[in-house]
Amino acid sequence: LILHIVILSLRTWTVWRRSKVVGVGLIVFSLAAAVPAIPVMVLFSGTVKFVDPPYQPFRGCFLEGGSHVFSSMEWIILMVYDAGEMQYCFILTARH
């Protein structure tokens, strides 16, 4: 999730021609999204349950469960962040 936020921020900052004001705004906005995402990820990882694979040819870890609430919170944080990034692009489009 945090890598996704960084990639979206760099994309938006590049679209804005690397403006310092926009860069500072994106850093603040990124931190506002990443800070609550970290405890949600930690809480979600505590609810994940791995089991033995259900059939023999399967290799690797088999995920059986995890909290849908924490998983949904991650997506909500990402969607709110993405909506904010879109606003930056809309502002740039409206200026031209």
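Coordinates for the structure precede this section.
Criteria and thresholds
- Residues numbered from 1 in each chain as written.
- Predicted model: local features only at pLDDT ≥ 70, side-chain atom pairs only at ≥ 80, totals over all residues.
- Heavy atoms only, no water.
- Core = buried A, V, L, I, M, F, W, Y, C linked by side-chain atoms within 4.5 Å.
- Buried < 20%, exposed > 50% of the residue type's maximum accessible area, 1.4 Å probe, protein only.
- Helix = DSSP H or I, 4+ residues; strand = E, 2+ residues; numbered from the N terminus.
- Contact = heavy atoms within 4.5 Å.
- Axes fitted to C-alpha atoms, helices over the stretch in contact; angles between N-to-C directions.
- Parallel < 35°, antiparallel > 145°, perpendicular 65-115°, else oblique.
- Nonpolar A, V, L, I, M, F, W, Y, C, P; charged D, E, K, R; others polar.
- 1 Å grid on protein atoms, 1.4 Å probe; cavity = no way out; pocket = protein on both sides within 12 Å on 5 of 7 lines; lining within 4 Å.
- Points joined across faces, edges and corners; volume = space filled by probe spheres on them.

Trainee: Explanation requested: the nonpolar core in the structure shown.
Mentor: Proteins that are soluble and globular tend to have nonpolar side chains buried together. Core analysis: the largest hydrophobic core is formed by 8 residues, namely Ile5, Leu8, Ala33, Ala37, Val40, Phe70, Ile77 and Tyr81. Among the secondary structure elements, those contributing two or more residues to this core are α1 (2–15), α2 (20–47) and α3 (68–95). Those residues in contact with Leu8 that sit more than four places away from it in its chain are Tyr81, Asp82 and Glu85. Counting residues in each nonpolar core, the second largest holds 5 residues, with Val22, Leu26, Tyr88 and Leu92 among its members.

Trainee: What should I look at first to understand the packing of α2 against α3 in this one?
Mentor: For any two helices packed against each other, one specifies the inter-axial angle together with the distance between the axes. One way to put it is that α2 packs onto α3 with a least axis distance of 8 Å and a crossing angle of 170°. Taken together, α2 and α3 sit at an angle that is classed as roughly antiparallel. Its residues assigned to classes, the contact of α2 with α3 shows 16 nonpolar, 5 polar and 2 charged.

Trainee: Sorry, what's going on with the layout of surface pockets here?
Mentor: One simple way to see leftover space: roll a probe sized like a water molecule over the atoms. Taken as a whole, the largest pocket encloses approximately 160 Å³ of empty space. The wall of the largest pocket is formed by Val6, Ser9, Leu10, Trp13, Gly23, Leu26, Ile27 and Ser30. Put simply, the parts of the chain that give the lining of the largest pocket at least two residues each are α1 and α2. Here the residues of the lining of the largest pocket sort into 5 nonpolar, 3 polar and no charged.

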